[in-house]
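Reading the structure
These are the residues of each chain, in order.
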Amino acid sequence: MELEPLYTIKVTCIQCEHEFTTSRVRPSFKRAVKTDTDFCRYYAKENPDFYVVRVCPSCGFAFSENFDERLKDAQRTDFQKQIGNRIVLRDFGGPRDWNTALETYKLALLCAQAIHEKERIISSLLHHIAWLYRYKDLKEQEIRFLRFSLESYIRVYELEGAGANDARLMYLIGELNRRLGEYSEAVRWFSRVINDKKIMDAAMIRASREQWAMLREDMLAAKLEIPEEMRG
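Basis of the calculations
- Residues numbered from 1 in each chain as written.
- Predicted model: local features only at pLDDT ≥ 70, side-chain atom pairs only at ≥ 80, totals over all residues.
- Heavy atoms only, no water.
- Helix = DSSP H or I, 4+ residues; strand = E, 2+ residues; numbered from the N terminus.
- Polar contact = N/O pair within 3.5 Å; in protein donor to acceptor, adjacent residues only side chain to side chain.
- 1 Å grid on protein atoms, 1.4 Å probe; cavity = no way out; pocket = protein on both sides within 12 Å on 5 of 7 lines; lining within 4 Å.
- Points joined across faces, edges and corners; volume = space filled by probe spheres on them.
- Nonpolar A, V, L, I, M, F, W, Y, C, P; charged D, E, K, R; others polar.
- Core = buried A, V, L, I, M, F, W, Y, C linked by side-chain atoms within 4.5 Å.
- Buried < 20%, exposed > 50% of the residue type's maximum accessible area, 1.4 Å probe, protein only.
- Contact = heavy atoms within 4.5 Å.
- Axes fitted to C-alpha atoms, helices over the stretch in contact; angles between N-to-C directions.
- Parallel < 35°, antiparallel > 145°, perpendicular 65-115°, else oblique.
- Left-handed = near helix turned anticlockwise from the far one by under 90°.
- Phe/Tyr/Trp six-rings, centres within 6.5 Å; stacked < 30°, edge-to-face > 60°.
- Lys NZ or Arg CZ within 6 Å of the ring centre and 35° of its normal.
- Pairing = 2+ DSSP bridges.

1. A closer look at the environment of Arg31
Along the polypeptide, Arg31 turns up in the loop between β2 (19-25) and β3 (32-35). C-alpha separation for the pair Arg31 and Ile143, spaced 112 residues apart in sequence, amounts to 26 Å. Only 3.2 Å separates the side chain of Arg31 from the backbone oxygen of Ser28, close enough to count as a polar contact.

2. Here we look at empty space enclosed by the protein
In the structure shown here, the tally under the stated rule is one cavity of 30 Å³ or more. Considered as a void within the structure, the largest cavity measures approximately 30 Å³ in volume. Val55, Cys56, Gly60, Ile87, Val88, Leu89, Arg90, Phe92 and Leu107 together form the lining of the largest cavity. Broken down by class, the residue content of the lining of the largest cavity amounts to seven nonpolar, one polar and one charged.

3. Examining the nonpolar core
Counting 73 residues, the largest nonpolar core has Phe61, Phe67 and Leu125 as its most contacted members. Considering each element in turn, this core owes the most residues, 10 residues, to helix α2 (residues 98-114). Discounting residues that sit within four places of it in the chain, Leu125 has contacts with Phe67, Tyr105, Ala108, Leu109 and Ala112.

4. Focus on the packing of helix α3 (residues 119-135) against helix α4 (residues 139-160)
Between α3 and α4, whose axes approach to 8 Å, the crossing angle comes to 160°. The angle between the axes of α3 and α4 places the two elements in the roughly antiparallel class. Helix-helix and strand crossings are classified by hand; for α3 and α4 the assignment is left-handed. For the pair α3 and α4, the contacting residues are Glu119, Arg120, Ile122, Ser123, Ser124, Leu126, His127, Ile129, Ala130, Tyr133 and Arg134 in the first and Gln141, Glu142, Phe145, Leu146, Phe148, Ser149, Ser152, Tyr153, Arg155, Val156, Leu159 and Glu160 in the second. When grouped by side-chain class, the residues that make up the contact of α3 with α4 number 11 nonpolar, six polar and six charged.

5. Here we look at unusual backbone geometry
One non-glycine residue, His116, adopts positive backbone phi at about 55°. Turning to its location among the elements, His116 is positioned in the loop between α2 and α3. Judged by relative accessible area, which is 60%, His116 ranks as exposed. For Asp137, which is not glycine, the phi dihedral falls at a positive 60°. Judged by relative accessible area, Asp137 falls into the exposed class, the value being 61%.

6. Focus: the packing of aromatic side chains
Applying the stated criterion across every chain, the model contains 11 aromatic pairs. Considering the side-chain rings of Phe61 and Phe79, the 5.0 Å spacing of their centres and the 85° angle between planes classify their relative orientation as edge-to-face. Of this pair, Phe61 sits in the loop between β5 (54-55) and β6 (62-63) while Phe79 sits in helix α1 (residues 73-82), and the two are 18 residues apart along the sequence. Here Phe61 matches Phe79 in class, with each residue buried. Members of the aromatic cluster, connected to one another through ring pairs, are Phe20, Phe61, Phe63, Phe67 and Phe79. The ring of Tyr42 has Lys34 lying over it, and the distance from NZ or CZ to the ring centre is 4.4 Å. For the cation-ring pair, Arg192 lies above Trp189, with the distance from its terminal atom to the ring centre recorded as 4.3 Å.

7. Notes on the pairing of β2
Where a strand is regular, its side chains alternate between the two sheet faces. Sheet topology places strand β1 (residues 6-12) next to β2; seven bridges connect them, and they run antiparallel. Considered in β2, the bridge of Thr8 is made with Ser23. Connecting β1 to the antiparallel partner β2 that follows it, the hairpin turn spans six residues, and Glu17 within it adopts a positive phi of roughly 65°.

8. So, the side chain of Gln211
Looking at the secondary structure, you find Gln211 in helix α7 (residues 202-221). Setting aside chain neighbours within four positions, we find Gln211 in contact with Thr37, Tyr171, Glu175, Arg178 and Phe190.

Written out as structure tokens, the structure reads:
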């Protein structure tokens, strides 16, 4: 008998502490057929990203496993005041299509913003929403959310500072700038990853070199002036 791609798990809502079930994709089905340069993955069958957000059917709070484990009283109050009373309760526990996935991510984004969740969580949600629009080739919305996520990733960098282990964050800032046509900014961020001697992340250094080369082609194609450090 062939395994179903989905299985259910029990989770406890971090807002109201109600226990509910939500679906996940089995690890054996999580093989991506393609990955974009900003880590957006494409799957032949069920997309595990559709099931990242857990939505409580009892209070409507939407969260991922990366949120804080329990909300403080002040956060609960903020949630209720800002969106809790306006949420139409639904059960998202079963299979999800693209529309449902988008709905859950946008709800999680509203919840994260209402409770002042960590900026890293917010930037990741914004980036995932951009990917969802990319799957449907909705260019305008994809660009809009890529820009939001770029601004958020920069805030993460400014708030937390980037240590030697944050090459991935710096690479992403460079790559989103490249995708948005902000070429000189992209050059700046890729060169940081390539030239900072403290960075030991070989995969991100290699990726930055590859995107640097692609960026040079983009700039030549757009007949833009090539910065000094990219010549030769």
